[in-house]
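These are the residues of each chain, in order.
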Amino acid sequence: MAGYVGVLVSDPWLQNQFTQVELRSLKSSFMGMRRESGGGLKLGELPEKMSRLKHVGENLTVEERTAVLQDSYENLESEVDFELFLRVYLKFQALATERRGSGAKNSSAFLKSPTSTLLHTISESEKASYVAHINNYLAADEFLQKYLPIDASTNDLFEIAKDGVLICKLINVAVPGTIDERAINTKRMLNPWERNENHTLCLNSAKAIGCTVVNIGTQDFIEGRRHLVLGVISQIIKIQLLADLNLKKTPQLVELVDDSKDVEELMSLPPEKILLRWMNFQLKKAGYTKTVTNFSSDVKDAEAYAHLLNVLAPEHSNPSTMTVKNHLERAKLVLEHADRMGCNRYLTAKDIVEGSPNLNLAFVAHIFQHRNGLSTQTKQISFLETLPDDTQISREERAFRFWMNSLGNSSYIDNVFEDLRNGWLLLETLEKVSPGIVNWKIASKPPIKMPFRKVENCNQVVKIGKQLKFSLVNIAGNDIVQGNKKLILAFLWQLMRFNMLQLLKNLRFHSHGKEITDADILQWANGKVRNSGSQSHIISFKDKSLSNGIFFLELLSAVHPRSVNWSLVTKGSNEDEKKMNATYIISIARKLGCSIFLLPEDIIEVNQKMILTLTASIMYWTFKQPMEDRPFGSSDSETGSFVDTSSSSNSTMDDTASESSLDDSSN
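Residues numbered from 1 in each chain as written. Predicted model: local features only at pLDDT ≥ 70, side-chain atom pairs only at ≥ 80, totals over all residues. Heavy atoms only, no water.

The name an unreviewed UniProt entry gives the protein is Fimbrin-2, with Dorcoceras hygrometricum as the organism. A UniProt comment under Subcellular location (unreviewed entry) is attached to the protein, and it reads "Cytoplasm, Cytoskeleton". The heading Subunit (unreviewed entry) in the UniProt record of the protein holds the text "Interacts with F-actin." (UniProt positions renumbered as here; feature names shortened; annotations may be inferred.)

Now the structure itself:
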């Protein structure tokens, strides 16, 4: 809610150190500590009580925290109010960050978790780079023309981003078609409600293309919190720049490997690793003997760039680039070479020699997009024809991967079949879905060198799955370690579905403690649509009539009457009309606040798993709304209390689907 942060904290400087989500969490911890101390809290009590706060408790001892307070404050018997509590927290956080930083690995990835540190400074070079990118790619946008080009020397970027339209449009540049632009509120003057809808649509869509937006709320965008806005923009731009680094978009990448086994390994790599492999492949051709392992320290002297551009565009080379000794001068010559090639680039020579990982990665990605130097006649492309068409598997992998990343696990998942094989991230996800269920005493944290430790982790994953009544026929921990695709997808589907049903159960006072089933969700959706005056009705989540999208549009209209503009809806009588409706449905649901990861094709093809997640997400959003905000006459249940529609709440059509996939894979 607007002004909420200001109510909690009056000091403007403190306001700028935290997101609203962080403040609410810390306020809750502060109030809990006060209650434990009988209504008052003294400075001297904080070192011990703050042990439970993640970054502070994990990295500093009680003695170290006490020493910090003794150095900073004369009287440790002083009463602590919330603002003093925050200042102490920042002191501990700074020391903890310094400790972690001394042993941290140099990462070349774009910002994965924009709120992982409280050192909220921004790079002016990165801001200038992203502004140039936006000015370039959105210059022709009809709505944004009056705001572009943005002046990088000002804070105009953050002001323009406050209505949500800019970032929604940027998401569509990165992954075309993600947002149905008919769902964006684009009036010249938006009211607070419309602005909030745009930011909700933006955040849910960003999650759906693979951005990590944990601990970021709509208010952070509305208030123009620079580090958070820039963090999201950087992730969106990275996704755009690396979009072609896969075999589907650029089959010529098979030239980087020798045989079909290596092709499969290449397909499992994240785009950033493929970009490094491509760069080293070209450098080897140029006779460059070093291996580039990152986009920071390994490229600071600009030598690798000089060799890369010489092999890709020798007609534009300058002999001086190879002979000049000064790194900055060489970097300037490299950029001149890129300019003569006509290659987009938004970094400066200074950014190269300072080793800015984000900007150097973007520069290499631009070079790859402009001229990748791969053969179009390579024989290895025939390897791709022998590989099975795993379109459905890749779509499900994508949905589950983005869902898991949205939970804020300790590591970003690039590929579920590779990154889950040691079991750790599955254990983390299980803990988030069902707190307290993991026995961490017998779990091994990465890096895990001993293979049997990975099996132990995965055995615990399977054991917990059975405890949660997942259907796990013929599956063992070693199947996960081996990367068995069908078994992993079957497990993840049941995990995602369990999370969904638990969320509904926790909100649902009419359930009387009973498990919520797929049939209950189906009954609720039909009841909502029927009570809105429509004749539409579905018999299951694989009902082919769902393909045209009309039922979901009627459901969305029933739970929020102003959400659907019926003049934009088609009859869904052909594939194009179905896709228009499906894209509109997904954008409207995200605009309301549904966190969903399906694609329009999932609706058109009636993928029952994704159809269930969509319906359940709409149901969950509806139940979260205060009664006064719901349509007149509606209640938590349009059909009365839930009934136990099955002798076993976990034996539903979708479990059967999971069982069959497990059985298939074990044959």
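A. Quick look at the packing of helix α24 (residues 424-433) against helix α27 (residues 485-507). At a minimum axis separation of 10 Å, α24 and α27 run at an interaxial angle of 20°. Of the possible angle classes, the one that applies to α24 and α27 is roughly parallel. Pair α24 / α27 crosses with left-handed handedness. On the side of α24, the interface is formed by Leu 426, Thr 429, Leu 430 and Val 433, while α27 contributes Phe 491, Leu 492, Leu 495, Phe 498 and Asn 499. Here the residues of the contact of α24 with α27 sort into seven nonpolar, two polar and no charged. (Axes fitted to C-alpha atoms, helices over the stretch in contact; angles between N-to-C directions. Helix = DSSP H or I, 4+ residues; strand = E, 2+ residues; numbered from the N terminus. Parallel < 35°, antiparallel > 145°, perpendicular 65-115°, else oblique. Left-handed = near helix turned anticlockwise from the far one by under 90°. Contact = heavy atoms within 4.5 Å. Nonpolar A, V, L, I, M, F, W, Y, C, P; charged D, E, K, R; others polar.)

B. Expanded view of the packing of aromatic side chains. One pass over the structure, following the stated rule, counts 11 aromatic pairs. Note on Tyr 305 and Phe 363: the rings are 5.0 Å apart at their centroids and 75° apart in plane angle, and the pair reads as edge-to-face. Taken as a pair, Tyr 305 in helix α16 (residues 303-312) and Phe 363 in helix α20 (residues 357-370) lie far apart in primary sequence, 58 residues in all. Ring pairing ties together the aromatic residues Phe 30, Phe 82 and Phe 85, which thus form one cluster. We note Arg 182 situated over the ring of Tyr 584; from NZ or CZ to the ring centre the distance is 4.9 Å. (Phe/Tyr/Trp six-rings, centres within 6.5 Å; stacked < 30°, edge-to-face > 60°. Lys NZ or Arg CZ within 6 Å of the ring centre and 35° of its normal.)

C. A look at the packing of α16 against helix α18 (residues 327-341). Here α16 crosses α18 at 25°, and the two axes come no closer than 9 Å. Comparing their axes, α18 and α16 come out roughly parallel. For the crossing formed where α16 meets α18, the hand is left-handed. Residue-level inspection shows Glu 303, Tyr 305, Ala 306, Leu 309 and Asn 310 of α16 in contact with α18, the latter providing Arg 330, Val 334, His 337, Ala 338 and Met 341. Taken together, the residues that form the contact of α16 with α18 break down as six nonpolar, two polar and two charged.

D. Geometry of the pattern of salt bridges. Following the criterion strictly, the structure yields 25 salt bridges and no others. Note that Glu 605 is salt-bridged to Arg 395, the shortest N-O span being 2.8 Å. Here the residue Glu 605 occupies a position in the loop between α31 (600-604) and α32 (608-624), and Arg 395 occupies one in helix α22 (residues 391-406), the gap between them amounting to 210 residues. For Arg 401, the salt bridge goes to Glu 397, with nearest N and O atoms at 2.9 Å. Of this pair, Arg 401 and Glu 397 both sit in helix α22, four residues apart, roughly one helical turn. (Salt bridge = Lys/Arg side-chain N within 4 Å of Asp/Glu carboxyl O.)

E. Representation of unusual backbone geometry in the model. The omega angle of the peptide bond from Leu 148 to Pro 149 is 0°, so this bond is cis rather than trans. A cis amide bond, omega 0°, links Pro 446 with the succeeding residue Pro 447. Within the secondary structure, Pro 447 is located in the loop between α24 and α25 (451-467). Residue Lys 469 is not a glycine yet carries a positive backbone phi of 70°. Here Lys 469 is to be found in the loop between α25 and α26 (477-481). Relative accessible area serves as the criterion here: at 56%, Lys 469 is assigned to the exposed category. (Buried < 20%, exposed > 50% of the residue type's maximum accessible area, 1.4 Å probe, protein only.)

F. Up close: the nonpolar core. In terms of nonpolar packing, the biggest core is built from 167 residues, with Ile 167, Leu 275, Trp 278 and Met 279 touching the most fellow members. Of the residues forming this core, the biggest block, 12 residues, is contributed by α27. If we ignore the near neighbours within four places in the chain, the residues touching Ile 167 are Ala 161, Cys 202, Phe 221, Val 229, Val 232, Ile 233 and Ile 236. Counting residues in each nonpolar core, the second largest holds 25 residues, with Leu 41, Leu 43, Leu 60 and Leu 86 among its members. (Core = buried A, V, L, I, M, F, W, Y, C linked by side-chain atoms within 4.5 Å.)

G. Helix α3 (residues 20-36), seen in detail. For α3, with 17 residues, the first-to-last C-alpha span of 24 Å sits near the 24 Å given by 1.5 Å per residue. Three or more residues of α3 are buried, namely Gln 20, Glu 22, Leu 23, Leu 26, Ser 29, Phe 30, Gly 32 and Met 33. Once α3 ends, the next one or two residues include Gly 38, with phi positive near 80°. (Expected span 1.5 Å × (residues − 1).)

H. Just the environment of Glu 126, in detail. Here Glu 126 lies in helix α8 (residues 124-137). Counting along the chain gives 104 residues from Glu 126 to Leu 230, while the straight-line C-alpha distance between them is 8.6 Å. Look past the residues within four positions of Glu 126 in its chain and what remains in contact with it is Ser 356, Asn 358 and Leu 359.

I. A look at α25. An ideal rise of 1.5 Å per residue puts 24 Å on 17 residues; α25 measures up with 25 Å between its terminal C-alpha atoms. Three or more residues of α25 are buried, namely Asn 457, Cys 458, Gln 460, Val 461, Val 462, Ile 464 and Gly 465. Contacts made by the buried residues of α25 are with α24, α26 and α27. Remark: Lys 469 follows α25 within two positions and exhibits a positive phi of approximately 70°.

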